[in-house]
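# Topology and contacts: notes
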Amino acid sequence: MANTASAKKMTRKIEKRTAVNRSRRSRMRTFVRKVEEAIATGNQQDALAALRAAEPEMMRAAQHGIVHKNNASRKVSRLAARVKALAA
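Note that the structure is a prediction, hence the values are computed from the model and not measured. (Residues numbered from 1 in each chain as written. Predicted model: local features only at pLDDT ≥ 70, side-chain atom pairs only at ≥ 80, totals over all residues. Heavy atoms only, no water.)

## Let's talk about the pattern of salt bridges
Following the criterion strictly, the structure yields four salt bridges and no others. As a salt-bridge pair, Glu57 and Arg27 come within 2.8 Å of each other at their nearest N and O atoms. Of this pair, Glu57 sits in helix H2 (residues 44-63) while Arg27 sits in helix H1 (residues 5-41); the two residues are 30 residues apart in sequence, bridging distant segments of the chain. Judged by relative accessible area, Arg27 falls into the partly exposed class, the value being 46%. For Arg33, the salt bridge goes to Glu37, with nearest N and O atoms at 3.8 Å. Taken together, the positions of Arg33 and Glu37, both in helix H1 and four residues apart, correspond to about one turn of that helix. For Arg33, a relative accessible area of 47% translates into the label partly exposed. Overall, the relative accessible area of 46% leaves Glu37 in the partly exposed class. (Salt bridge = Lys/Arg side-chain N within 4 Å of Asp/Glu carboxyl O. Helix = DSSP H or I, 4+ residues; strand = E, 2+ residues; numbered from the N terminus. Buried < 20%, exposed > 50% of the residue type's maximum accessible area, 1.4 Å probe, protein only.)

Next comes the structure, spelled out in structure tokens:
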């Protein structure tokens, strides 16, 4: 348990930051799930639209430190490849 005033303040700040980060991570996962569902249906137009909405959301999460930049880039790349494969 925090004893000093500064430690107590840091605890409060961490709780707030954790709530924001949890929300951002959940939002990112929701967008990714929409792309996954569109890919599963086999409709490339829907999948492409979902990917275009998800990509900036994932990169924004990377900018805020929710996920690593390379992690977000890898996910976008793999989703894009799967969407592209629907055309074939």
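## With respect to the packing of H2 against helix H3 (residues 69-87)
The relative placement of two packed helices is expressed as an angle between their axes plus a distance between the axes. Running from N to C, H2 and H3 point in directions that differ by 175 degrees, and their axes come no closer than 10 Å. Judged on the interaxial angle alone, H3 and H2 are roughly antiparallel. Between H2, through Gln44, Ala47, Leu48, Leu51, Glu55, Met58, Met59 and Ala62, and H3, the contact on the second element is made entirely by Lys69, Ala72, Ser73, Lys75, Val76, Leu79, Ala80, Val83, Lys84, Leu86 and Ala87. Looking at the contact of H2 with H3 residue by residue, the classes come out as 13 nonpolar, two polar and four charged. (Axes fitted to C-alpha atoms, helices over the stretch in contact; angles between N-to-C directions. Parallel < 35°, antiparallel > 145°, perpendicular 65-115°, else oblique. Contact = heavy atoms within 4.5 Å. Nonpolar A, V, L, I, M, F, W, Y, C, P; charged D, E, K, R; others polar.)

Coordinates in, geometry out; function isn't part of it.
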